[in-house]
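# Observations on the model geometry
Each chain, letter by letter, is given below.
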Amino acid sequence: MESENKKSFITKAFNKSMGIILAISVLFIIGATVIGYNMGNNNATTELEGEKVTLEEIKQQIVAYEQEQMGHEEKTAESKADYASKKQELDDLSEEYREVKALVRRSDELSSQIKEIEQSLEQKESEVSSLDGELSEKHSELEQLINSIVEKKEEPRVLSAGVFTVGTDLPAGRYKIEPNGGSGNYFVNGGMKTNIILGKGDSFYLSEYIMAFSDGDEIEATLPVKYTPVE
């Protein structure tokens, strides 16, 4: 009986000792864990960019880096938007450049056409000028023809009514013949060369007449006639 009590006492003492040891071990482990966490949290260091920093400082740097990355992303988004805007402006400018280039090309075409028209106009003006010169010459010739009947400086000659021979009574040449009073018939070579009635005051008569006489022509007049040499 006493032996069993002793065993029971020893068992209880052992169990109690084991419990104490276990409790101490648990407390030690917990303490070590807490101490380790605190040390790891407060005293743990690493080398970053050549300097030893704590975990909290690393966290702060990570937050700062993340904020910096966000800033970079915002700047990247702004840069993309600015790039899109610049690209649109470049596209617009490219379109304007193409339009301006087309206008310049059209302007060159128009300038070439204008130059051709001007050259054609100059040619036409030259032709017109040449025609004007020809027309002026024709006018001059016509005027000469119209004014070819001009009186010579020689004195007119008057022959009475009668029959006369050119070369004897009147020098051969071109004359303006006029009635020198009255009216009457006027024949040359028996009327074969000339057959007219000279006179004034009636539309039936001729007040003047131009003709050329040759040597040997025979004149027959029933009225006095004035002969004025003309060119």
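Scope of this entry: the structure provided in the associated data block. A quick note: this is a predicted structure, and the numbers were derived from the prediction, not measured. (Residues numbered from 1 in each chain as written. Predicted model: local features only at pLDDT ≥ 70, side-chain atom pairs only at ≥ 80, totals over all residues. Heavy atoms only, no water.)

### Some remarks on the overall build of the chain
Along the chain, the regular secondary structure elements total 2 helices and 10 strands. Reading the chain from its N end, one meets helices and strands in the order α-β-β-α-β-β-β-β-β-β-β-β. The long-range share in the chain, meaning contacts at least 24 apart out of those at least 6 apart in sequence, stands at 66%. On the chain, roughly 18000 Å² of surface is accessible, and the fraction owed to carbon and sulfur atoms is 55%. (Helix = DSSP H or I, 4+ residues; strand = E, 2+ residues; numbered from the N terminus. Contact = heavy atoms within 4.5 Å. Areas by Shrake-Rupley, 256 points an atom, 1.4 Å probe, with all protein chains shown as cover.)

### As for the side chain of Thr-194
Its place among the elements puts Thr-194 in strand β7 (residues 194-198). Residue class for Thr-194 comes out buried when judged on its relative accessible area of 3%. Not counting residues up to four positions away in its chain, the partners in contact with Thr-194 are Tyr-186, Phe-187, Val-188, Tyr-209 and Met-211. (Buried < 20%, exposed > 50% of the residue type's maximum accessible area, 1.4 Å probe, protein only.)

### A few points about the nonpolar core
Within soluble globular proteins, side chains that are nonpolar generally end up buried alongside one another. Of all hydrophobic cores here, the largest spans 17 residues; its most connected members are Ile-177, Tyr-186, Leu-198, Phe-213, Ile-219, Val-225 and Tyr-227. Listing elements by their share of this core, those giving two or more residues are β5 (173-179), β6 (184-188), β7, β8 (209-213), β9 (218-221) and β10 (225-229). When residues no more than four places from it in sequence are discounted, the contact partners of Val-225 are Arg-157, Val-158, Leu-159, Ile-177, Glu-178, Asn-180, Tyr-186 and Leu-198. (Core = buried A, V, L, I, M, F, W, Y, C linked by side-chain atoms within 4.5 Å.)

### Concerning the sheet that holds strand β4 (residues 162-165)
Spatially, 4 strands are ordered β4-β9-β6-β7 in an open sheet, and the strand pairing comes out antiparallel. Among the strands making up the open sheet, the edge pair consists of β4 and β7. Each neighbouring strand pair of the sheet contributes to a mean axis angle of 15°, computed without reference to strand direction. Inspection of the sheet shows β6 paired to β9 by 3 bridges, in the antiparallel sense. For Phe-187, the partnering residue across the bridge sits in β9 and is Glu-220. (Pairing = 2+ DSSP bridges. Axes fitted to C-alpha atoms, helices over the stretch in contact; angles between N-to-C directions.)

### Brief notes about the packing of aromatic side chains
If you walk through the whole model with that rule in mind, you get 5 aromatic pairs. Ring geometry for Tyr-175 versus Tyr-227: centroids 6.1 Å apart, planes at 90°, classification edge-to-face. Of the two residues, Tyr-175 sits in strand β5 while Tyr-227 sits in strand β10, which places them 52 residues apart along the sequence. Taking 6.5 Å as the distance between ring centres and 50° as the angle between the ring planes, the aromatic pair formed by Tyr-186 and Tyr-227 counts as tilted. On the criterion of sequence distance, the pair formed by Tyr-186 in strand β6 and Tyr-227 in strand β10 is long-range, its members being 41 residues apart. (Phe/Tyr/Trp six-rings, centres within 6.5 Å; stacked < 30°, edge-to-face > 60°.)

### A word on unusual backbone geometry
Although it is not a glycine, Asn-189 sits at a positive phi angle of roughly 60°. With respect to the secondary-structure elements, Asn-189 resides in the loop between β6 and β7. You can call Asn-189 partly exposed: its relative accessible area is 29%.

### Considerations on the pattern of salt bridges
A full pass over the atoms with the stated rule returns 6 salt bridges. The salt bridge involving Asp-91 is made with Lys-87; its shortest N-O contact spans 3.5 Å. Of this pair, Asp-91 and Lys-87 both sit in helix α2 (residues 55-146), separated by 4 residues, roughly a single helical turn. Across the pair Lys-193 and Asp-217 runs a salt bridge, and its minimum N-O distance is 2.6 Å. Here Lys-193 is found in the loop between β6 and β7, whereas its partner Asp-217 is found in the loop between β8 and β9, with 24 residues between them in sequence. According to the relative accessible area criterion, Lys-193 is partly exposed, its value standing at 36%. Residue Asp-217 is classed as buried on the basis of its relative accessible area, which comes to 7%. (Salt bridge = Lys/Arg side-chain N within 4 Å of Asp/Glu carboxyl O.)

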